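Below are the chains, spelled out letter by letter.
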Amino acid sequence: MIIRVRAPDGMFRVEVGLTDTLATLLQKLAPLMKAPTADSIKLTRDVGGSHLMAEFESSIASLGLKHGDMLFASIAASARPSVEPDAKFAESSKSSVPMFIRQEAVDNQLEKDDGLIRRKRDAGMCKHGANAMCEYCLPIEPYDPGYLAKKEIKHMSFYAYLRKILAQSKIGGDISGGLPPNFVPPLEDPDYRVKPNCTGRHLPWPGGICSKCQPSAITLQRQPFRMVDNVEFASPSLIERLLSFWNTTRCQRFGFLYGHYQSLPNVPLGVKAVVEAIYEPKQAWEEDGIKLNIESPEFEREMARVDAVAESCGVKVVGMIFTDLEPTDVPKKVVYRRHADSYFLTSLEARLGAYMQLKHPNACRWAKDGHFGSKFVTCCLSGNKDDDIDVSAWQFSNSAVAMQAADLLVPSSVPSKMCVQESTKTRYVPDVFYSYTNEYKLPVTTNAKPAFPVEYLLVNLTHGFPTDPNPLFKSKSPFCIENRDHLQQVQSLGAFKRHIRDADGSAEKLALVLSDFHLLAYLASLDILSPDEIKLVGKVASADSDQSAKELAGRVMDSSGWQTLLIMLQEASDSDLNHSGSMAAEASAGDSGGSGMSQSQPAGSSSALREPWACRHCTFLNEPSKVECDICGLPNDM
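Residues numbered from 1 in each chain as written. Predicted model: local features only at pLDDT ≥ 70, side-chain atom pairs only at ≥ 80, totals over all residues. Heavy atoms only, no water.

Participant: Would you mind showing me how to read the overall build of the chain here?
Facilitator: Tallying secondary structure elements over the chain gives 16 helices and 23 strands in all. Total accessible area on the chain stands at roughly 32,500 Å², and carbon and sulfur atoms take up 51% of it. (Helix = DSSP H or I, 4+ residues; strand = E, 2+ residues; numbered from the N terminus. Areas by Shrake-Rupley, 256 points an atom, 1.4 Å probe, with all protein chains shown as cover.)

Next up, the structure:
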């Protein structure tokens, strides 16, 4: 379809599709209008410009636009130079004006909310009538110091923090429109690296350094805001199935959280991460830890494939989760080891969390470079003060992520302490300080070298489960979890054949069977279905209505890739099927998880671990209890 756009320089015709977003339209329009950036274009429905269009994530169809409709566009005054700029001015303008930023849908929603906290009329203090207000009942801002102190809020929500900063520029109310003229975005992530291209008269680092390019001293303190306020697991079965691995083997497990972000009603301008699935990548597991080769090409390819599947379902990676459990002599109880007197997260876990947040930056149009902080969360399954299994949720401060980016952090042998790197000829390490209260209740600032408490990098979050669960993936008979071959829970064509047998050619039943994230990840790993067919299966799994899912499942059944898969399933032998006993063991282990702990067989006594295994790298036959080869030292990843 064609959308006509009238601009000061003439009429333009932009070709878009019904499913394209307004952001796509602006990106196509920018070169036609010779606009410096897509977000510098102000698009309105009328000539006067009173109805500004800022729903960047909305589709053309949802905006009510039809073929041949006319819109009116202009370039913001701050983006139009009065004279031809020189190279220096162009470089500075480019660094201060971010390109078009595709924010999360929840960010666009919260920008429209003023976040004011409404208060009821105080019968004791208010002396006015019902239709009036005074200082005791006027709405207050979400960053009001008195409100934060009264509610004992250590970390305000990110958008409350943003409102506090914007208030200094007299900006409030609905901030979802375009940025004000000559407005410089106020947010910027800290950077503790030596600035490149220094204009000082010295050799570039490491040949020379000056006060302009060297980073300033770092003072670690509690971050006043948090990017995510709550982690919500869409269904308790997500935790139960993860715990089933530990219940069976007594070994730890790691997984990535896939879901989406929503607003949190009971927190002013709050954000929650809703977890819809947990994917368990390839890993070497032991009783006291986990080994991940996160920088290997194989790991990156595996996660890239899973991320593509998640995108087709409308979800993305929102965090990670791992277990740290040790049984006690009391049935269904575990050791309480993570508390204020020991540690909440170890230095190794903190560095991994900071690394993951660095890899998943948060898009923000209020930041100078278009990114600020991260919404990536870290969850841990461990014992609580009642010796029950519980979830703790965390994030790491922007300072922690910046220190990780500058290669300043080194995990120590003491779990509660993080070490600071030593300066070298190629690594500049600035001074690092942190404050604490001594035995005389006085604040003391001390040098963080060589080590400092990990708590100075943490931002704690809340977690929970919905009152009325409505998970995105609704399959009633879940498919076996990936990378659990050691437990005879093997994802294979035979297992898939048995899984879809109940569908019996019915599109309605097939739609329910396909609504399983682990099943979709397995289908993508087969390379039988084309990328478009995988996207279609993802739409089936995440359809918002039964009728829509049924129609999409019918299209899947008619696709050539699905027909090829059915032919391959006919050749799959029954010996390729998983043993029903192993699946039942997972179900029983999952049922006994949650807040307690089952007394299932310890590691090495499961039927899956009784037989020796041959290393696929050197063919050496290892003992069943070994998770690494005795000869070559490589993990048992068959």
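Participant: Please explain unusual backbone geometry as it appears in this structure.
Facilitator: Leaving glycine out, the prevailing phi sign among residues is negative, and the prevailing peptide bond configuration is trans. Residue Pro206 follows Trp205 across a cis peptide bond; omega there is 10°. With respect to the element layout, Pro206 can be found in the loop between α5 (158–167) and β6 (218–220). One non-glycine residue with positive phi stands out, namely Lys332, at about 60°. Structurally, the position occupied by Lys332 is in the loop between β13 (316–323) and α8 (347–359). Even without being a glycine, Asn483 presents a positive backbone phi close to 60°. Inspection of the secondary structure assignment puts Asn483 in the loop between β21 (458–464) and α10 (493–499). Relative accessible area serves as the criterion here: at 22%, Asn483 is assigned to the partly exposed category. (Buried < 20%, exposed > 50% of the residue type's maximum accessible area, 1.4 Å probe, protein only.)

Participant: Sorry if this is basic, but what is going on with the state of the cysteines here?
Facilitator: Two cysteines form a disulfide when their sulfur atoms are joined by a covalent bond. Scanning the entire structure with this criterion turns up zero disulfides. Take Cys126: it sits in no disulfide, and the sulfur closest to it among the cysteines is that of Cys134, at 3.6 Å. (Disulfide = S-S within 2.5 Å.)

Participant: What should I look at first to understand helix α11 (residues 507–514) in this one?
Facilitator: The α-helix advances 3.6 residues per turn, and as a result positions three or four apart in sequence lie on the same side. Looking at α11, one finds that the buried residues are Ala507, Leu510, Ala511, Val513 and Leu514. Down the axis of α11, the sector holding all buried residues measures 165°, keeping them to one side. Elements that come into contact with the buried residues of α11 comprise α10, α12 (517–526), α13 (531–541), α14 (546–558) and α15 (560–571). (Arc of directions from axis to C-beta. Contact = heavy atoms within 4.5 Å.)

Participant: Can you walk me through the nonpolar core in this structure?
Facilitator: One recurring pattern in soluble globular proteins: nonpolar side chains tend to sit buried together. Core analysis: the biggest nonpolar cluster contains 81 residues, and Phe256, Tyr258, Phe452 and Phe496 have the highest contact counts within it. The element that contributes the greatest number of residues to this core is α12, accounting for seven residues. Each residue touching Phe256, except ones within four places of it in the same chain, is listed here: Ala277, Ile278, Tyr279, Pro281, Phe299, Met303, Val317, Gly319, Met320, Met356 and Phe376. Core analysis: the next-biggest nonpolar cluster, separate from the first, contains 52 residues, Met227, Tyr261, Ile278 and Leu381 among them. (Core = buried A, V, L, I, M, F, W, Y, C linked by side-chain atoms within 4.5 Å.)

Participant: Quick question: what am I supposed to make of the sheet that holds strand β4 (residues 70–75) here?
Facilitator: Within a sheet, adjacent strands bond to each other through the backbone by hydrogen bonds, running parallel or antiparallel. One open sheet accounts for four strands, arranged β2-β1-β4-β3; its pairing is mixed. Each edge of the sheet is formed by a strand with only one pairing partner; in this case those strands are β2 (10–15) and β3 (41–44). Averaged over neighbouring strand pairs, the angle between their axes works out to 30° when direction is ignored. Strand direction decides the pairing type here: strand β1 (residues 2–7) and β4, joined by three bridges, are parallel. The residue of β4 that forms the bridge with Arg4 is Met70. Contacts from helix α1 (residues 22–33) reach β1, β2, β3 and β4, with the element oriented near 135° to β2. (Pairing = 2+ DSSP bridges. Axes fitted to C-alpha atoms, helices over the stretch in contact; angles between N-to-C directions.)

Participant: Even after reading the chapter, I still don't get the sheet that holds strand β17 (residues 417–420), so can you show me in this structure?
Facilitator: With antiparallel pairing, the three strands of this open sheet are ordered in space as β16-β17-β20. Unpaired on one side and paired on the other, β16 (409–411) and β20 (451–453) mark the two borders of the sheet. For this sheet, the mean angle separating the axes of adjacent strands, direction not counted, is 40°. Bridge count for β16 against β17 is three bridges, and the pairing is antiparallel. Paired with Leu409 across the bridge in β17 is Val420.

Participant: Hey, could you run me through the packing of aromatic side chains in this one?
Facilitator: Two aromatic rings, taken as a pair, are described by how far apart their centres are and by the angle between their planes. One pass over the full model with this rule turns up 18 aromatic pairs. An aromatic cluster is defined as three or more aromatic residues linked by ring pairs; in this entry it consists of Phe158, Tyr159, Tyr161, Phe225 and Phe372. It is Arg250 that lies over the ring of Trp246; its NZ or CZ is 4.5 Å from the centre. Sitting above the plane of the Tyr261 ring, Lys375 keeps its charged end 5.9 Å from the centroid. (Phe/Tyr/Trp six-rings, centres within 6.5 Å; stacked < 30°, edge-to-face > 60°. Lys NZ or Arg CZ within 6 Å of the ring centre and 35° of its normal.)

Participant: Is there a simple way to explain the pattern of salt bridges in this structure?
Facilitator: Opposite charge on two side chains allows them to pair when their charged atoms are near. Taken as a whole, this structure holds 19 salt bridges when the rule is applied. For Glu111, the salt bridge identified is with Arg365, shortest N-O distance 3.2 Å. Of this pair, Glu111 sits in helix α3 (residues 105–111) while Arg365 sits in the loop between α8 and β14 (377–383), and the two are 254 residues apart along the sequence. Judged by relative accessible area, Glu111 falls into the buried class, the value being 1%. Here Arg365 falls in the buried class, since its relative accessible area comes to 9%. We note a salt bridge from Arg351 to Asp407, for which the minimum N-O separation is 3.9 Å. (Salt bridge = Lys/Arg side-chain N within 4 Å of Asp/Glu carboxyl O.)

Participant: How do you make sense of α12 when you look at a structure like this?
Facilitator: Buried residues dominate α12, accounting for eight of its ten residues. Those residues of α12 not exposed but buried are Phe517, His518, Leu519, Leu520, Ala521, Tyr522, Leu523 and Ala524. At the N-terminal end of α12, a side-chain oxygen is found 3.0 Å from the backbone nitrogen of His518, two or three residues along, and the residue is Asp516. Just beyond α12, the residue with positive phi is Asp527, at close to 60°. (Polar contact = N/O pair within 3.5 Å; in protein donor to acceptor, adjacent residues only side chain to side chain.)

Participant: Whenever I open this one, the environment of Phe344 confuses me. Can you help?
Facilitator: Considering the arrangement of structural elements, one finds Phe344 in the loop between β13 and α8. Sequence separation between Phe344 and Asn460 is 116 residues, and the spatial gap between their C-alpha atoms is 9.8 Å. Beyond its immediate chain neighbours, meaning those up to four positions away, Phe344 contacts Arg338, His339, Trp394, Glu455 and Leu458.

Participant: Would you explain the packing of α11 against α14 in this entry?
Facilitator: When two helices pack together, you describe them by how their axes are tilted relative to each other and by the distance separating the axes. Look at α11 against α14: their axes get within 8 Å of each other, and the N-to-C directions meet at 95°. By the angle between their directions, the pair α11 and α14 is classed as roughly perpendicular. Across the interface between the two elements, Ala507, Glu508, Leu510 and Ala511 from α11 touch Ala549, Lys550, Ala553, Gly554 and Met557 from α14. Residues of the contact of α11 with α14, tallied by class, amount to six nonpolar, one polar and two charged. (Parallel < 35°, antiparallel > 145°, perpendicular 65-115°, else oblique. Nonpolar A, V, L, I, M, F, W, Y, C, P; charged D, E, K, R; others polar.)

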